Amino acid sequence: MKSKMIRLGAAALALTMTAALAGCGAVGSNSASTSGSAASEDVPEMVEIDYSKYIDENGFWKDIHALDYVTLPEYKGVEIPAEEIEPTEEEIESNRQSLLSQWAYYDEVTDRAVEDGDTVNIDYVGSVDGVEFTGGNTNGAGTTVTIGVTSYIDDFLEQLIGHKPGETFDVNVTFPDDYNDSTDADGNTVVLAGKDAVFTTTINYIQGDELLYPEMDDAFVAENLQSTYGWTTAAEANEGIANAIRNSKKYNYMLDYLEENAEITEVPEAISEYMREAQLAAINNQAASYGISVDTLMMLSGYGSEEDYLALLEEQLPEAAKFSLLRQAIAEQEGMTVTEEDIQEQLGDSYDSYVETYGLNYIKQDMLIGMVDQLLLDEN
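Residues numbered from 1 in each chain as written. Predicted model: local features only at pLDDT ≥ 70, side-chain atom pairs only at ≥ 80, totals over all residues. Heavy atoms only, no water.

### Describing the overall build of the protein
- When its secondary structure is counted, the protein shows 14 helices and 10 strands.
- Out of the 380 residues belonging to the protein, those deemed buried represent 42%.
- Looking at the protein as shown, the accessible area adds up to about 20,100 Å², and 44% of this sits on carbon and sulfur atoms. (Helix = DSSP H or I, 4+ residues; strand = E, 2+ residues; numbered from the N terminus. Buried < 20%, exposed > 50% of the residue type's maximum accessible area, 1.4 Å probe, protein only. Areas by Shrake-Rupley, 256 points an atom, 1.4 Å probe, with all protein chains shown as cover.)

Written out as structure tokens, the structure is:
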């Protein structure tokens, strides 16, 4: 349960990717590959993942009866010292800022010219031989780029230097010889490879250095947080944040309690095997979907290199497998079950797609884990 704990399981990694990976329409998305960086990547092939491979129809590890390996301590009515779970003001403020970060924004500079290294919000409309093409238009939505960092064709971004917010001007570039074709508004092919292009560009603002957070007052809470959390006032929001911290601390306390007091004779290797197989397949498919190597994916997602990630995975697999076995032992002792009807009620309209992707057995296991975790919160 460490801060860097890999979420070992069947779900693919949720990775925060950079703007360079996401691409920026026709201007930016091909530029990296034409310079050779993507072309030289060892991009893996997509692999099919059988998420339910090692899980039986009850949602338990196949052929594993956890209570054969685990002697559980009393896990209900555990006396948890109040000081162990009471949030500090610093923790509340940190969580409040984390929540507000979804609405945080940088100040906007509009009173000077663009300089090299600036992060700038721009709009543009691109054309070749006077014909606009698909992917070459921000449609007024604005896109944020950093001069010298973001990958755009030719010297597109360098031509922003010296212009001020509010100015509209032409940026002239030449597409690489291997650039993909596009289409016009009527669906006709527009050849871009090797062509000179004009991007009529407007600088909206220069992004400042200060990250600004909105104030969590009653009006902000009612407008932005009520639909998700049910809070209508700032006081309710602050109490909700405090309760979430208490629950998190209580949950971690109970996991530590189980680890320290449960007797485990053995953790079947099959659990680690499944977790390893599913996780490696997941990162493989993430990399394949972005058209990059696993090594690059790991670097961009904060794990260092592929080698670093694999070392961390092997370090944490035994711990993750142990807690999975402990959860199953509690589910067995409590006689917990999940029916297909339960899954349908839980997933609603997403039922078919989730079952197709993960299989019923995996979804049952996932729901059992949630039931056990909720029991640890409710009974202590």
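### What to know about the pairing of strand S9 (residues 196–212)
- Bridge count for strand S2 (residues 105–109) against S9 is 4 bridges, and the pairing is antiparallel. If you follow Tyr106 over to S9, its bridge partner there is Leu211.
- Of the pairings in the sheet, the one linking strand S3 (residues 119–128) to S9 comprises 8 bridges and is antiparallel in character. The residue of S9 that forms the bridge with Ser127 is Val198.
- As defined by bridge partners, strand S6 (residues 168–174) adjoins S9 across 7 bridges and the pair is classed as antiparallel. Note on S9: the bridge partner recorded for Asp170 is Thr200. (Pairing = 2+ DSSP bridges.)

### Topic: unusual backbone geometry
- For Asp63, which is not glycine, the phi torsion reads 60 degrees and is therefore positive.
- Take Asp63: it is sitting in the loop between helix H3 (31–34) and strand S1 (70–71).
- For Asp63, a relative accessible area of 76% gives the class exposed.
- Phi at Asp154 takes a positive value of approximately 55 degrees, unusual for a residue other than glycine.
- Residue position: Asp154 is located in the loop between strand S5 (143–146) and S6.
- Judged by relative accessible area, Asp154 falls into the partly exposed class, the value being 49%.

### Topic: the packing of aromatic side chains
- Overall, the coordinates contain 18 aromatic pairs when judged by the stated rule.
- The interplanar angle of 80 degrees and the centroid separation of 5.1 Å between the aromatic rings of Tyr303 and Tyr309 together place this pair among those described as edge-to-face.
- The ring of Phe323 has Lys322 sitting right over it, with the charged end atom 6.0 Å from the ring centre. (Phe/Tyr/Trp six-rings, centres within 6.5 Å; stacked < 30°, edge-to-face > 60°. Lys NZ or Arg CZ within 6 Å of the ring centre and 35° of its normal.)

### Here we look at a nonpolar patch on the surface
- Nonpolar side chains collect at one region of the surface, where Tyr106, Leu211 and Tyr213 lie side by side and expose about 250 Å² of accessible area between them.
- Mapping Tyr106 onto the fold places it in strand S2. (Patch = residues over 30% accessible without salt bridge, like charges linked within 9 Å, V, L, I, M, F, W, Y side chains within 5 Å. Salt bridge = Lys/Arg side-chain N within 4 Å of Asp/Glu carboxyl O.)

### Overview of the packing of helix H13 (residues 351–358) against helix H14 (residues 360–378)
- The contact between H13 and H14 brings their axes to 7 Å, and the two run at 105 degrees. It follows from the interaxial angle that H13 and H14 lie roughly perpendicular. In this structure, H13 uses Tyr351, Tyr354, Val355 and Tyr358 to contact H14, whose residues at the interface are Leu360, Tyr362 and Ile363.
- For the contact of H13 with H14, a count of residues per class yields 7 nonpolar, no polar and no charged. (Axes fitted to C-alpha atoms, helices over the stretch in contact; angles between N-to-C directions. Parallel < 35°, antiparallel > 145°, perpendicular 65-115°, else oblique. Contact = heavy atoms within 4.5 Å. Nonpolar A, V, L, I, M, F, W, Y, C, P; charged D, E, K, R; others polar.)

### Here we look at the pairing of strand S4 (residues 131–137)
- Pairing between S3 and S4: 3 bridges, direction antiparallel. Its bridge partner being in S4, Val128 is matched across the sheet by Val131.
- Count of turn residues in the S3/S4 antiparallel hairpin: 2 residues, of which Asp129 carries a positive phi of about 55 degrees.

### Examining the environment of Val198
- Checked against the element boundaries, Val198 lands in strand S9.
- Overall, Val198 belongs to the partly exposed group, its relative accessible area being 28%.
- Those residues in contact with Val198 that lie beyond four places of it in its chain are Val125, Gly126, Ser127, Asp170, Val171 and Asn172.

### Some details on helix H11 (residues 306–334)
- Taking 1.5 Å as the rise per residue, H11 with 29 residues should run 42 Å; its terminal C-alpha atoms sit 40 Å apart, in good agreement.
- If you look at H11, its biggest bend is around 40 degrees, right at Gln316, and the proline Pro318 turns up within four residues after that.
- Just downstream of H11, Gly335 is the residue with a positive phi angle, here 65 degrees. (Expected span 1.5 Å × (residues − 1). Bend = angle between axes of the 7 residues up to and from the residue.)

### Some points on the side chain of Lys250
- When you line up the elements, Lys250 lands in helix H8 (residues 234–261).
- No salt bridge is formed by the buried Lys250; the nearest opposite charge belongs to Asp378, separated by 6.8 Å.
- In this structure the side chain of Lys250 is engaged in a polar contact, spanning 2.9 Å, whose partner is the backbone oxygen of Asn380.
- Those residues in contact with Lys250, other than ones at most four positions away along the chain, are Ile80, Ile85, Leu376, Leu377 and Asn380. (Lys, Arg positive; Asp, Glu negative; His and termini not counted. Polar contact = N/O pair within 3.5 Å; in protein donor to acceptor, adjacent residues only side chain to side chain.)

### Focus on the pattern of salt bridges
- A complete count under the given rule lists 12 salt bridges for this structure.
- Residues Glu277 and Lys53 are paired through a salt bridge, measuring 3.4 Å at the closest nitrogen-oxygen approach. Of the two residues, Glu277 is situated in helix H9 (residues 269–290) and Lys53 in the loop between H3 and S1; the sequence distance between them amounts to 224 residues.
- Residue Glu277 is classed as partly exposed on the basis of its relative accessible area of 35%.
- On the basis of relative accessible area, Lys53 is assigned to the partly exposed category, the value being 37%.
- Through salt bridges with shared partners, a single network forms among Glu86, Glu239 and Arg246.

### Observations concerning the environment of Asn172
- With respect to the helices and strands, Asn172 occurs in strand S6.
- Separated by 25 residues in sequence, Asn172 and Ala197 place their C-alpha atoms 5.9 Å apart.
- Among residues more than four places away in sequence, those in contact with Asn172 are Asp155, Gln159, Ala197 and Val198.

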